[in-house]
Every structure is written in C-alpha cells, then in structure tokens.
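Chain by chain, the residues:
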Amino acid sequence: MRYLWPNAIRLAANIQNLSTDSPQKGIILMLGAAFFFSLTSAISKWLGQEFHIVQLVFFRNIVGVVFVLTSIWRRPRKQQGGKLGLLIFRGVVGTLSLYMLFYAIQTLGLGRASTYQYTYPIFLALFSWLLIGETLNSREWLAIFIGFSGILFVFRPDLSISLRDNALGLGNALLTAVSYLSIRQLGAVYDTRAIILSFMLSGILMPIVSMLIGTYYPVEHLDFLIGTFRWPDHLIQWAGFLALGLTALMGQKMLTQSFTYDKAGRVAAIGYSNILFSVLIGFLMGEAFPSVFTLFGMALIVGGGIMISLAKKKTLTEEHVEGQPE
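Residues numbered from 1 in each chain as written. Predicted model: local features only at pLDDT ≥ 70, side-chain atom pairs only at ≥ 80, totals over all residues. Heavy atoms only, no water.

1. Looking at a nonpolar patch on the surface
To be explicit about the condition: Patches here: salt-bridge-free residues with over 30% relative accessible area, like charges joined within 9 Å, nonpolar side chains (Val, Leu, Ile, Met, Phe, Trp, Tyr) joined within 5 Å. Working definition of accessibility: Shrake-Rupley area with a 1.4 Å probe, residue cover restricted to the visible protein chains. Here a salt bridge means any side-chain nitrogen of Lys or Arg lying within 4 Å of a carboxyl oxygen belonging to Asp or Glu. Strands here mean DSSP runs of E at least two residues long; helices mean DSSP runs of H or I at least four residues long; both are numbered from the N terminus.
The grouping of Trp 46, Ile 236, Phe 283, Leu 284, Met 285, Phe 289 and Leu 295 at the surface amounts to a nonpolar patch, some 710 Å² of accessible area in total. Relative to the elements of secondary structure, Phe 289 occurs in the loop between helix H12 (273-284) and helix H13 (292-322).

2. Points about helix H2 (residues 25-47)
For the record, the criterion: Given a helix with a known number of residues, its expected span is that number minus one, times 1.5 Å. Relative accessibility decides the category of a residue: with a 1.4 Å probe and only protein chains considered, values under 20% of the type maximum give buried, values over 50% give exposed, and everything between is partly exposed.
Compared with the 33 Å implied by 1.5 Å per residue over 23 residues, the 33 Å span of H2 between its first and last C-alpha is a close match. Taken across its 23 residues, H2 has 20 buried, putting it largely inside the fold.

3. Focus: the environment of Ala 167
Within the element layout of this structure, Ala 167 appears in helix H8 (residues 163-186). A residue is classified by how much of its surface remains accessible, and Ala 167, at 46% relative accessible area, is partly exposed. Residues Ala 167 and Met 100 lie 67 residues apart in sequence; the distance between their C-alpha atoms is 9.6 Å.

4. Focus: the pattern of salt bridges
Here the structure, examined in full by the defined rule, presents 5 salt bridges. A salt bridge links Asp 165 to Arg 164; the shortest N-O distance between them is 4.0 Å. With a relative accessible area of 13%, Asp 165 lands in the buried category. Exposure remark for Arg 164: the relative accessible area of 33% places this residue in the partly exposed category. Ionic pairing is found between Arg 164 and Asp 223, a salt bridge with its closest N-O pair at 2.7 Å. Highlighted residues: Arg 164 in helix H8 and Asp 223 in the loop between helix H9 (192-216) and helix H10 (235-258), separated in sequence by 59 residues. Asp 223 gets classed as partly exposed once you look at its relative accessible area, which sits at 28%.

5. A closer look at the packing of aromatic side chains
Note the cut-off: Aromatic rings from Phe, Tyr and Trp, with only the six-membered ring used for Trp, were paired whenever their centres fell within 6.5 Å, and each pair was classed as stacked if the ring planes differed by under 30 degrees, edge-to-face if by over 60, and tilted otherwise. Geometrically, a charge over a ring is one whose NZ (Lys) or CZ (Arg) sits within 6 Å of the ring centre while staying within 35 degrees of the ring normal.
For the structure on display, the rule yields 10 aromatic pairs. When the ring of Phe 59 is compared with that of Phe 229, the centres are 6.2 Å apart and the planes differ by 25°; the resulting orientation is stacked. Within this pair, whereas Phe 59 is found in helix H3 (residues 53-74), its partner Phe 229 is found in the loop between H9 and H10, the two being separated by 170 residues in sequence. Residue classification places Phe 229 among the partly exposed residues on the basis of a relative accessible area of 32%. Plain terms: the ring middles of Trp 231 and Trp 238 are 6.1 Å apart, the flat faces sit at 45° to each other, and that makes the pair tilted. We classify Trp 231 as exposed; its relative accessible area is 57%. One aromatic cluster is present, formed by Phe 51, Phe 58, Phe 59, Phe 229, Trp 231, Trp 238 and Phe 241 through successive ring pairs. Looking at Arg 230, its charged tip hangs above the ring of Phe 51, at a distance of 4.4 Å from the centre.

6. Here we look at the side chain of Ser 182
So the rule is basically this: Contacts: residue pairs with any heavy atoms within 4.5 Å of one another.
Mapped onto the elements, Ser 182 comes out in helix H8. Non-local contacts of Ser 182, meaning those with residues more than four positions away in its chain, are made with Leu 86 and Arg 90.

7. Some words on the environment of Gln 257
You can see Gln 257 is positioned in helix H10. When the C-alpha atoms of Gln 257 and Ile 183 are compared, they prove to be 9.5 Å apart, with 74 residues separating the residues in sequence.

8. As for H12
Under the 1.5 Å per step criterion, the end-to-end length of H12 is 17 Å for 12 residues, consistent within 8% with the ideal 16 Å. Among the residues making up H12, those that are buried are Ser 273, Asn 274, Ile 275, Leu 276, Ser 278, Val 279, Ile 281 and Gly 282. Two residues or fewer after H12 comes Gly 286, characterised by a positive phi angle close to 105°.

9. Some details on the confidence of the model for the protein
Put simply, the rule reads: Every residue is assigned a pLDDT by the predictor, reflecting its confidence on a scale from 0 to 100.
In this model, the protein carries an average pLDDT of 77, and 76% of its residues clear a pLDDT of 70 or more. Mean pLDDT per element in the protein: helix H1 (residues 4-16) is the minimum at 53, and helix H4 (residues 84-108) is the maximum at 90. Below pLDDT 50 for its whole length, residues 312-326 participates in 17 contacts with residues either more than four positions away or in separate chains.

10. Some details on the packing of H2 against H4
If you want to describe how two helices pack, look at the angle between their axes and the distance between the axes. Here is the rule: Orientation is described by axes fitted as lines to C-alpha atoms, over the contacting stretch for helices, and by angles from 0 to 180 degrees between their N-to-C directions. Should an angle fall under 35 degrees it is taken as roughly parallel, and over 145 as roughly antiparallel, whereas 65 to 115 is taken as roughly perpendicular and any remaining angle as oblique. Two helices crossing with the near one rotated counterclockwise from the far one by less than a right angle form a left-handed crossing, whereas a clockwise rotation gives a right-handed crossing. Residues are grouped as follows: Ala, Val, Leu, Ile, Met, Phe, Trp, Tyr, Cys and Pro are nonpolar; Asp, Glu, Lys and Arg are charged; all remaining types, including Gly, are polar.
Following both chains from N to C, one finds H2 and H4 inclined at 60°, their axes separated by 9 Å at the closest point. With respect to their mutual orientation, H2 and H4 come out oblique. Both H2 and H4 take part in a crossing whose hand is right-handed. Every residue of H4 that contacts H2 at Thr 40, Ser 41, Ser 44 and Lys 45 is listed here: Leu 101, Phe 102, Ile 105 and Gln 106. Of the residues that constitute the contact of H2 with H4, the class distribution is 3 nonpolar, 4 polar and 1 charged.

Below you can see the structure in the form of structure tokens.
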C-alpha cells in the first residue's frame, strides 16, 4: 500500500494538468476515479478488520469535506442552483450506496464487491434512456454488453455466500446508478465542489445518526446500516483514515468532472476498469489469484472500454467541428 500512494499522487497531478479541451479527458478522468476508488476500497477492507463500516463512511467524508470547504472559501463561485432537493437526494442515496459497498467489501472481498458494484452502468444506461432521453448507438450498446459479459466471467455464483450479502452488493449498484444519474443533472446548475459537498455532508451526518442508534439501540440484522464508534489506537490507523478520505476525495472529484464531458452511459462504461484495479490490489492483499475465467472476463471488460473510447473520440470530434455541445 505504501508503494501505491506516491504513484497515485503523481497520477492525480497528471490528469488534472490535461487540457480542458482534450477529447479524451472524460475517459481519463473516469479511469483515474476508478483507480482511486479501488484504493479507497482496499483501505476500507484493511480498516474494516478493526472498525465498523459506518465509522469508515464517517471518516471517509470528514477528511474530504475539510478540503472541499477550504476550496469553496478560497475560490467562491456563484451557483445557478434551483435543484436543492435533487442535491440532497444525491447525498443521501450516495451515502446509502457507500454503506452497502463497504459492507460488501468486508463480506464478499474486493474483487467480488467491485464486480457487483460495476453492474451499475447497465442500470445507469437504462435510467438515462427512460428518464432523461439519452440515446446510445449500437456500437456503444455492444461495448456495454461486452463489458457486462466480462463481469459475468469475473463473477461466479457461490452458494456459500448468503443471499443477503449478495443482495446488498447489488443494492449498492442500483443506488450508485441513481446517484450518478443525478450528478449528470446537477452538473448543469452547480459547481462540482457543491455536488461533492452535498455527498460528503450526508456521509458525515448519516453515520453520526447510525452510530448514536447503534450505541443505544443496536439492531443486529441492520449491521450494514447501524454500528458503533471506536477511537483509533495507533498512529498507523489515523494515517489509514486520512488516506481513506484523501483517495475518496480524489476519486470523487474525477468522477464528478468526468460526467460533465460526455453521455452518462458512455463515461460510466469506462468505470468497469475498477474491477481490474480491485482484483489486482485484492491479490496483493492476500485474496485469491484470478482464475482463467476471471482473466478472460477482465479482457472483455478492457475490450469494451477500448470500444467506448474509440466511439467517444469520434463523437467529440464531430461535436467540435459543428460547434454544438451535446
């Protein structure tokens, strides 16, 4: 983990230095977000051995909110606003999704939890079509299908895992799709930092309520939602919580920015790369080495991402020539 962190910092700096007009920036931002979120998941798996997942959600956001508030204070920007309800909704749904993700990481492992999470672009593409009228051409649908086929190879049903744990993993994907779709709508009227802040504030307030309930009225069958607080005992644990927040902040910023560059379904398909990162990092942390079926699935996922990338480049070039934003 200590070798990945310096490289992660350099990666973030290089991505942010890309030209705003770069046709591939949306893709690269999503790839960067996938990498940093996989690091966040790995850190949460490590910390989750000692601390409840609700506390992880709390620290993940309380670290990031300091940086976001500082940025807003230093560089205030007038907000068009008008969608406060949607802004709050995005924060609440995003926090619930994070609860389920951290729980799935602990019960299912990094690779399987990530696989479940990244079924969300299927839901996202469907919601984009049903709710806001976005269209995807045949090549893009084929790429998404190839990516999803790869996920099926990575994921293999295991009857030793409870139906409840599997359902919570899929629940995270569904809520993630709803949350990301709202980002697409909010990006037109709110600064990126305001969107991130709404999520982080929800990710602080909701865990506080969860931990208060867990302290006085513990509910065993809601252990993914209700927990208790425990102070870290060692400096390395404090450092882990700091890294949890910083990697999440970098990933969240890149993710939010990526959706402002292109169609929701198309950019989201690139997020499949999170599975590769998570499986590899999981192996470094002692999880089972991917089987042949898993490796084949990973290849399909990468292939789908390349197809999406080529289709995106062509579309953005045409838009630039016509001078018409999408």
